[in-house]
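Residue strings, one per chain:
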Amino acid sequence: MEQAEHKIISQVCAAKTDSQAADALVREYMGFIRSETVKFTHALPENGHEDELSIAMLAFYEAVLGYERARGAFLPYAARAIRNRLIDYYRQERRRSGELSLQAPLESGEEGALMDHLAEERDLLEERALREASREEIQEFGAQLAGLGLSFSDVADNCPRQARTLAACRRVLEYARSQPALLEELVRTGRLPISELARGSGTDRKTLERHRRYLVAVLLAFTNGYEIIRGHLCQIGPGNGGGRA
Amino acid sequence: MRYLVVEVHPAYAVVLDQEGRFLKVANRRYQVGDQVDKIVEFRPPRQEWRGRRAALLGTAGLAACLCLVLLGYYQFHFTAYGTLRIRINPDVEMTVSRSERVLKLSALNGDGAQLLSGYDCRGKDRETAAGELVERAIQMGYLSDGETVTITVRSQDAEWQAREETQTREQLEARYGERVVICLEDGEPAASQEPPAASGGPVGDDDAEDDDGDDDGDRGDEGEDPETEDDADDDPGEGTGGICGPEDSGEAEDPDDDPDDASPEEEEGEEDPDGGEDTDDEDLEES
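About the cut-offs
Residues numbered from 1 in each chain as written. Chains lettered and ligands numbered in written order. Predicted model: local features only at pLDDT ≥ 70, side-chain atom pairs only at ≥ 80, totals over all residues. Heavy atoms only, no water. Helix = DSSP H or I, 4+ residues; strand = E, 2+ residues; numbered from the N terminus. Buried < 20%, exposed > 50% of the residue type's maximum accessible area, 1.4 Å probe, protein only. Contact = heavy atoms within 4.5 Å. Areas by Shrake-Rupley, 256 points an atom, 1.4 Å probe, with all protein chains shown as cover. Pairing = 2+ DSSP bridges. Axes fitted to C-alpha atoms, helices over the stretch in contact; angles between N-to-C directions. Lys, Arg positive; Asp, Glu negative; His and termini not counted. Salt bridge = Lys/Arg side-chain N within 4 Å of Asp/Glu carboxyl O. Polar contact = N/O pair within 3.5 Å; in protein donor to acceptor, adjacent residues only side chain to side chain. Nonpolar A, V, L, I, M, F, W, Y, C, P; charged D, E, K, R; others polar. Parallel < 35°, antiparallel > 145°, perpendicular 65-115°, else oblique.

1. Observations concerning the overall build of chain B
Reasoning step 1: When you go through chain B residue by residue, the secondary structure sums to nine helices and nine strands.
Reasoning step 2: When each of the 287 residues of chain B is scored for burial, the buried share is 49%.
Reasoning step 3: A sequence separation of at least 24 residues applies to 56% of the contacts in chain B between residues at least 6 apart.
Reasoning step 4: When the accessible surface of chain B is summed, it comes to about 13300 Å², and 52% of that surface belongs to carbon and sulfur atoms.

Shown next as structure tokens:
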């Protein structure tokens, strides 16, 4: 038992920093995650509870990143994390299904998914075409980032959380867009010209350095022909979260 | 808000929102390129800090308690609480902590300096150091049979002082009482000590006798004597007091002792020869 415990712990520690190790760990414990989900939903995930499974998997991933030896054995800790996450999800769902009760409910508790499903049926072809194009562009973008040693996960980890910091980064982006030379330099060297950006945008140098990876990704999105991505970013409508901060 | 899926993993996906944030979310059967409205956002672990801070505070509290305990311990064992002065010819003073640990030894006269040279008192307790110093004095010739060692204890704490005096005296007498006289002195010796030849001698004899003869009885007598001595500053019935007094000057004792020596010292050596005189003296003292 102890050896198995040691093995898990070392795997968890590796997975904290290596996203591939994290993926492998999730796959290895898929059975565990499923059984924990079933304990909660009392039904197989395939029967309309795929969401719960996805959330359970996310919870497992969160547990991997948040685990410390001081918290005891890993699996019980992960089980608790999964359970808590599912509880939160059900609470949110209950609230939301309350809001959507005006819509004609076809199935209890599944209205949200149902609506998405209906929307997809309408624009299926369009969306499929768009999705294909998006995927190609994103993959190209991802490849360029990988060439600079970055993955999307890294960028997400490095993304600013506070609105204030996000606004500062947007200022940097605006300034960079006005200086094509800077963007070219970034593409060419793969390095962020922090000094000029700090000076030109009036942002603190420390902020730039703290979110270097994120800024590289965002600036890159405005080079080359990443039309779809740029279009997505500029697509701020009134009903979509209130526009730019 | 719409989210563009840019990367998928088994347990999560990375999406881009319309404000430029990259987020980790639950992978609800996403494919790269999908646009979704509802996401379940990844929650980064943040409670570590709370746990760590609690642990830190706990440790700090524990450290503070430990410091207090150590402080108390230090004070008890390493702060001067009183002094013990030993006078034969050499005059030395020992600074002692409450727990009878010797903190410092200083010489109050030239002979004292000689006595102390090369002697290391570190870590020793009062009993050991006092005994060793007396031993040293004997070996170096400062203290001969029949001579007297005067013990003086000073402290703010009267109870502690009395206790130390008694214990020191008893301990030294147990070791050396057969050869030398151990006597206590409370304050400045009364200059008006009776001339040794007179009562001093006898008294000295008495003490010696006490030591020699009936140890038990002597103990009892000595028990009484020291007290009286202490109270009255050696005067009552204590020619020895007189001897002790002048002991300050060191030499005074010796000449005092000398006339009596034949008796007292012999007595100290072993009871009988001076028994006669002693008996007389004993009677005197006891009464």
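2. Quick notes on the sheet that holds strand β5 (residues 80–87) of chain B
All names here are of chain B.
Reasoning step 1: Pairing within the open sheet is mixed, and its five strands lie in the order β7-β6-β5-β8-β9. At either end of the open sheet lies a strand with only one pairing partner, and these are β7 (102–107) and β9 (181–184). Recorded for the sheet is a direction-independent mean angle of 20° between the axes of neighbouring strands.
Reasoning step 2: Sheet analysis places strand β8 (residues 148–155) next to β9, joined by four bridges and oriented parallel. In the strand pairing of β9, Thr 150 is matched with Cys 183.
Reasoning step 3: Lying over the sheet, helix α3 (residues 126–139) contacts β5, β6 (91–97), β7 and β8, oriented at roughly 170° with respect to β6.

3. Regarding the side chain of B:Arg136
Residues and elements named next belong to chain B.
Reasoning step 1: Within the secondary structure, Arg 136 is located in helix α3.
Reasoning step 2: In this structure, Arg 136 is buried with no salt-bridge partner, the nearest side chain bearing the opposite charge being Glu 132 at 7.5 Å.
Reasoning step 3: Setting aside residues no more than four positions away along its own chain, Arg 136 makes contact with Gln 114, Leu 115, Leu 116, Ser 117, Gly 118 and Tyr 119.

4. Side note on the interface of chain B and chain A
Reasoning step 1: If you look at the interface, chain B gives 41 residues, while chain A gives 50 residues.
Reasoning step 2: There are four salt bridges connecting chain B and chain A.
Reasoning step 3: Residue A:Asp51 pairs with B:Arg28 through a salt bridge whose shortest N-O separation is 2.5 Å.
Reasoning step 4: Counting across the chain B and chain A interface gives 20 residue pairs in polar contact (both at pLDDT 80 or more).
Reasoning step 5: Tallied by class, residues from the side of chain B that touches chain A come to 19 nonpolar, eight polar and 14 charged.

5. Things to note about the packing of helix α9 (residues 163–178) of chain A against helix α11 (residues 194–201) of chain A
Residue and element names in this part refer to chain A.
Reasoning step 1: Taken N-terminus to C-terminus, the directions of α9 and α11 make an angle of 100°; their axes are 9 Å apart at the nearest point. The orientation of α9 relative to α11 falls into the category roughly perpendicular. Across from Arg 171, Val 172, Tyr 175 and Ala 176 in α9, the residues of α11 making contact are Glu 196, Leu 197, Gly 200 and Ser 201.

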